[in-house]
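If you want the building blocks of each chain, they are given just below.
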Amino acid sequence: MDVRALASAAWFRLNEDLETALREDPAAHSKLMVALAYPGVHAVWAHRLCHRLWLASPALRPVARLLSQVSRTLTQVEIHPGAVIGRRFFIDHGNGVVIGETAEIGDDVLMYHQVTLGGRSRGRFKRHPTIGDGVLLGAGAKIIGPITVGDGAKVGANALVVKDVPPGSVVTGIPAHMTAGDIIA
């Protein structure tokens, strides 16, 4: 891929992230304001760079890790450079989010502040959650371990999820259980 094509692809992705923030956050009124004042968007942008470095070469992994820590300091969002994040991912209010190394996040995921995608064991294997497409993760939700949250699921605020969540379901509580009806994130 030549430099011009790479720049075009990067600009497309940045613009797509800005449009996602405008769509997902009723308080967002312009791309400029989102680009300047949304730490969740900044964290995702930093992660995209760090993830590319992480994948490029084992020799660049320390650089990716250090850059991710600079991003964490500036945004209060911690995303390990090894985590895989899909398109149109939006972190609303950002503060306190933690996304572990083996986490995988699908497309069109909306995450609120203080969400953790964490592990519950040590070792060099899949130990963090997989989040499907179109999932909503409410404020303070903790999704722990190598589990799957299916496409279109909603996880309520402050839920503790330690088991797989079927696609399209709503889970709330500690520990999380399926519920009927809508949730307020």
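In what follows, the accompanying structure is described. (Residues numbered from 1 in each chain as written. Predicted model: local features only at pLDDT ≥ 70, side-chain atom pairs only at ≥ 80, totals over all residues. Heavy atoms only, no water.)

Describing the sheet that holds strand S5 (residues 104-105)
Okay, step 1: Strands sit in the order S2-S5-S8-S11 across an open sheet of 4 strands; the sheet is parallel. Taken across any chain shown, the strands that pair with only one partner, and hence form the sheet edges, are strand S2 (84-85) and strand S11 (148-149).
Okay, step 2: Where S2 and S5 come together, 2 bridges link them in parallel fashion. When the sheet's bridge partners are listed, Val-84 is paired in S5 with Glu-104. (Pairing = 2+ DSSP bridges. Helix = DSSP H or I, 4+ residues; strand = E, 2+ residues; numbered from the N terminus.)

A look at unusual backbone geometry
Keep in mind that most residues, glycine aside, have a negative phi and that most peptide bonds are trans.
Okay, step 1: Of note, the bond from Ile-174 into Pro-175 is cis; its omega dihedral lies within 30 degrees of zero at -10°.
Okay, step 2: Even without glycine at this site, His-93 takes up a positive phi of about 70°.
Okay, step 3: For His-93, the position within the fold is in the loop between strand S3 (90-92) and strand S4 (97-99).
Okay, step 4: Judged by its relative accessible area of 56%, His-93 falls in the exposed class. (Buried < 20%, exposed > 50% of the residue type's maximum accessible area, 1.4 Å probe, protein only.)

Notes on the packing of helix H1 (residues 3-24) against helix H3 (residues 39-56)
Okay, step 1: Running from N to C, H1 and H3 point in directions that differ by 150°, and their axes come no closer than 10 Å. When the axis of H1 is compared with that of H3, the two are roughly antiparallel. In the crossing of H1 with H3, the sense of the turn from one axis to the other is right-handed. Along its contact with H1, which presents Leu-6, Arg-13, Leu-14, Asp-17, Leu-18 and Ala-21, the element H3 presents Val-41, Val-44, Trp-45, Arg-48 and Arg-52. (Axes fitted to C-alpha atoms, helices over the stretch in contact; angles between N-to-C directions. Parallel < 35°, antiparallel > 145°, perpendicular 65-115°, else oblique. Left-handed = near helix turned anticlockwise from the far one by under 90°. Contact = heavy atoms within 4.5 Å.)

Focus on the nonpolar core
Okay, step 1: Judged by nonpolar contacts, the single largest core of 29 residues is most densely connected at Ile-99, Met-111, Leu-117, Leu-137 and Ile-143.
Okay, step 2: Looking at this core, the elements with two or more residues in it are H3, strand S1 (77-79) and S4.
Okay, step 3: Once residues lying within four places of it in the same chain are set aside, the contact partners of Ile-99 are Glu-78, Ile-79, His-80, Ala-83, Phe-89, Ile-105, Met-111 and Leu-117.
Okay, step 4: With 11 residues, the next largest nonpolar core counts Ala-21, Tyr-38, Val-41 and Leu-136 among its residues. (Core = buried A, V, L, I, M, F, W, Y, C linked by side-chain atoms within 4.5 Å.)

Section: the pattern of salt bridges
Okay, step 1: Evaluated as defined, the whole model comprises 10 salt bridges.
Okay, step 2: As a salt-bridge pair, Arg-72 and Glu-78 come within 3.6 Å of each other at their nearest N and O atoms.
Okay, step 3: Linking Lys-126 and Glu-104 is a salt bridge whose minimum nitrogen-to-oxygen distance equals 3.3 Å. Within this pair, whereas Lys-126 is found in the loop between strand S7 (116-118) and strand S8 (130-131), its partner Glu-104 is found in strand S5, the two being separated by 22 residues in sequence.
Okay, step 4: The exposure class assigned to Glu-104 is partly exposed, which follows from its relative accessible area of 34%.
Okay, step 5: Where salt bridges share partners, they join Arg-13, Glu-16, Arg-87, Arg-88 and Asp-108 into one cluster. (Salt bridge = Lys/Arg side-chain N within 4 Å of Asp/Glu carboxyl O.)

Here's the deal with the environment of Trp-54
Okay, step 1: Relative to the helices and strands, Trp-54 is located in helix H3.
Okay, step 2: The class of Trp-54 is buried, set by a relative accessible area of 11%.
Okay, step 3: Residues Trp-54 and Ala-64, spaced 10 residues apart in sequence, show a C-alpha to C-alpha distance of 5.8 Å.

Digging into the environment of Arg-88
Okay, step 1: In this structure, Arg-88 sits in the loop between S2 and S3.
Okay, step 2: Separated by 64 residues in the primary sequence, Arg-88 and Glu-24 have C-alpha atoms spaced 9.9 Å apart.
Okay, step 3: Arg-88 has contacts with Glu-16, Asp-17, Thr-20, Arg-23, Asp-107, Asp-108 and Val-109, leaving out every residue within four places of it along the chain.
Okay, step 4: A distance of 2.5 Å separates the side chain of Arg-88 from the side chain of Asp-108, its partner in a polar contact. (Polar contact = N/O pair within 3.5 Å; in protein donor to acceptor, adjacent residues only side chain to side chain.)

Considering the side chain of Arg-48
Okay, step 1: Its location among the elements puts Arg-48 in helix H3.
Okay, step 2: If we ignore the near neighbours within four places in the chain, the residues touching Arg-48 are Arg-13, Asp-17, Ile-85 and Gly-86.

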